[in-house]
Amino acid sequence: MEDFLWFKEISKTFATTRAVDNVSLAIQRGEIFSILGPSGCGKTTLLRMLAGFEAPDSGRIILDNSDITDLPPNMRKVNTVFQNYALFPHMTVRENIAFGLKVAKRPKAEIRDEVDRMLTLIQMQDHADKKPAQISGGQKQRTAIARALILKPSVLLLDEPLAALDLKLRQRMLLELSLIHDEVGITFIYVTHDQGEAMSISDRIAVMNNGRVEQIGTPAEIYEAPKSSFVAAFIGDTNFFDGRISDVVDAEYCRIDVPGLPRMLCFNDKKLAKGDLVHLSIRPEKFQIALEQPAANPKYNVLPGVVEDVIYQGDHTRYWVSIGDDWRISISRQHTRFMLDEKPIQWRDQVFISWFADDGFMLER
Ligand code: ATP
């Protein structure tokens, strides 16, 4: 796929707040690209600059080989679906969807055909004559999407589009959004602070923090190989360990001294040397937990510990295991049928936790 939309070294400051700080992004034609980060990290400002509602202090925005940085919003082939949908309450669903084409003074027959096509796409044929107050949250959402798509934008911007919906409806709308995306084939840019939403809908994600992009990658790359502590902690849960390389075993592995823990074996993906400081992340589901000591395996680390807390969460259980006086490690264990025959692990049990040396991730500090 080709790069289609470029943010080139974009910055924007409001008074003393640097909302967007030298952001460069290359987005491909037809992908669902999410901008993910906590409140205030600059996501909306970046989106508003792309839509033309805000001008960058420096940097350029290139869309389909044209520099659109100085174009007014109505001259950009970019449309936005806002969090509150912004539907006209006195107009029917059909009139709301037709609005953009009406303003553009397109022929009546063309407007009718295009609106019918959109109503079919969002499966709202039976609700075309209702007003926004007479339809559900999900239906309002779909109407807002159709109203934005009818102008045939090259890029659809979705700013926290599901924030107003309840959990079940959010899950359904995520699926519907990907189906609509497959149908229309244009680029979607999806802004959210919800990592679950971003993980399930995106081809790629840019994780933002404090106006900067911390990492860009597929959902799996970002989850499995976070580059910074911020990304590791923001996307899912993790355990952090600070230590120092005690020795380099071979081209792939090293051993690490972490104060308060026995020496551990770790995949040395950063090719660190003896004496270097290490900041390590190990996700809770990468640990195994057992009442019996597991069979020895040179690639596995095993530590004895005591269960401090057990939290049943339906599909998995979360265990907090203390190791010595200084460490509490979070472990999550997916439930399987086989576990029904096992003696359950309980509060105060002596356990063994183990993990594969490749499952620790060295992070930039
Ligand atoms: P949220 O998820 O809460 O919407 P966000 O990641 O979209 O947050 P932005 O709305 O882009 O963040 O805001 C980034 C920073 O810029 C924040 O500190 C915000 O207070 C500030 N900011 C945004 N717009 C303005 C403005 N018009 N005037 C002053 N400060 C602003």
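Residues numbered from 1 in each chain as written. Predicted model: local features only at pLDDT ≥ 70, side-chain atom pairs only at ≥ 80, totals over all residues.

Q: Explain the overall build of the protein to me, please; I cannot follow it from the model alone.
A: Helices and strands together make up the secondary structure of the protein, namely 8 helices and 20 strands. Expressed along its principal axes, the backbone C-alpha trace of the protein runs to roughly 75 × 50 × 40 Å. The buried share of the protein, reckoned over its 365 residues, is 33%. Within the protein, contacts between residues separated by at least 24 positions form 65% of all contacts whose residues are at least 6 apart in sequence. (Helix = DSSP H or I, 4+ residues; strand = E, 2+ residues; numbered from the N terminus. Buried ≥ 20, exposed ≤ 12 C-beta atoms within 10 Å, placed from the backbone. Contact = placed C-beta atoms within 7 Å.)

Q: I would appreciate a short explanation of the sheet that holds strand S18 (residues 327-334) in the present structure.
A: Sheets are built from strands that pair by backbone hydrogen bonding, the pairs being arranged parallel or antiparallel. Reading across the sheet, the 5 strands line up as S15-S19-S16-S17-S18 and stay open at both edges, with antiparallel pairing between neighbours. With one partner strand each, in any of the chains shown, strand S15 (288-290) and S18 form the two edges of the open sheet. Strand-to-strand twist in this sheet, taken as the mean axis angle between neighbours without regard to direction, amounts to 40 degrees. With 8 bridges connecting them, strand S17 (residues 316-323) and S18 associate as antiparallel partners. Paired with isoleucine 323 across the strands is tryptophan 327, a residue of S18. (Pairing = 2+ DSSP bridges. Axes fitted to C-alpha atoms, helices over the stretch in contact; angles between N-to-C directions.)

Q: I'm lost on helix H3 (residues 108-121) in this one. Help?
A: Side chains three or four residues apart in an α-helix point the same way, a direct result of the helix having 3.6 residues per turn. Here H3 is 14 residues long and its end C-alpha atoms lie 20 Å apart, about the 20 Å a rise of 1.5 Å per residue gives. Every buried residue belonging to H3 is among Ile111, Glu114, Val115, Met118 and Leu119, and all of these are buried. Buried residues in H3, looked at end-on, bunch into an arc of 140 degrees, giving them a common side. H3 presents Ala109, Glu110, Asp113 and Thr120 as exposed residues on the side facing more than 90 degrees away from its buried surface. Residues of H3 that are buried sit in contact with helix H2 (93-103) and helix H4 (137-149). (Expected span 1.5 Å × (residues − 1). Arc of directions from axis to C-beta.)

Q: I would appreciate a short explanation of the domain arrangement of the protein in the present structure.
A: How big an interface is tends to be expressed through the accessible area that disappears when the partners come together. By the assigned domains, the protein splits into domain 1 (3-234) and domain 2 (239-362). Taking only C-alpha atoms, the centre of domain 1 and the centre of domain 2 are 40 Å apart. Counting residues at the interface gives 4 residues for domain 1 and 4 residues for domain 2. Here the residues of the side of domain 1 that touches domain 2 sort into 3 nonpolar, 1 polar and no charged. (Domains from an automatic or database assignment. Nonpolar A, V, L, I, M, F, W, Y, C, P; charged D, E, K, R; others polar.)

Q: When you look at the packing of H2 against H3 in this model, what are you seeing that I'm missing?
A: When two helices pack together, you describe them by how their axes are tilted relative to each other and by the distance separating the axes. One way to put it is that H2 packs onto H3 with a least axis distance of 10 Å and a crossing angle of 130 degrees. As the angle between them shows, H2 and H3 are arranged oblique. With respect to the hand of their crossing, H2 and H3 are arranged in right-handed fashion. Contacts between H2 and H3 involve Arg94, Ile97, Ala98, Leu101 and Lys102 from the first element and Ile111, Glu114, Val115 and Met118 from the second. (Parallel < 35°, antiparallel > 145°, perpendicular 65-115°, else oblique. Left-handed = near helix turned anticlockwise from the far one by under 90°.)

Q: Would you mind going over the site of the ligand with me for this structure?
A: Taken together, 13 residues lie around the ligand, and Phe14, Ala19, Ser39, Thr44 and Thr45 are the ones closest in. For the shell around the ligand, the secondary structure elements donating two or more residues are strand S2 (17-28) and helix H1 (43-51). Of the residues forming the shell around the ligand, the biggest block, 3 residues, is contributed by H1. (Near = placed C-beta within 6 Å.)

Q: Hey, could you run me through the nonpolar core in this one?
A: What tends to happen in soluble globular proteins is that the nonpolar side chains get buried as a cluster. Ranked by internal contacts, the top residues of the largest apolar core, which has 72 residues, are Met118, Leu157, Leu158, Ile189 and Val207. Looking at this core, the element that brings in the most residues is S2, giving 5 residues. Residue assignment places this core across two domains, with domain 1 (3-234) and domain 2 (239-362) each supplying three or more. Core analysis: the next-biggest nonpolar cluster, separate from the first, contains 10 residues, Ile282, Val321, Val351 and Trp355 among them. (Core = buried A, V, L, I, M, F, W, Y, C linked by C-beta atoms within 7 Å.)

Q: What is the right way to look at the pairing of strand S6 (residues 78-81) in this model?
A: In regular strands, side chains alternate between the two faces of the sheet. Residues Val78 and Thr80 point to one face of S6 and Asn79 and Val81 to the other, with burial holding for every one of them. Pairing of S6 with strand S7 (residues 155-159) involves 4 bridges; the strand directions are parallel. Looking at S7, one finds that asparagine 79 is bridged to leucine 156.

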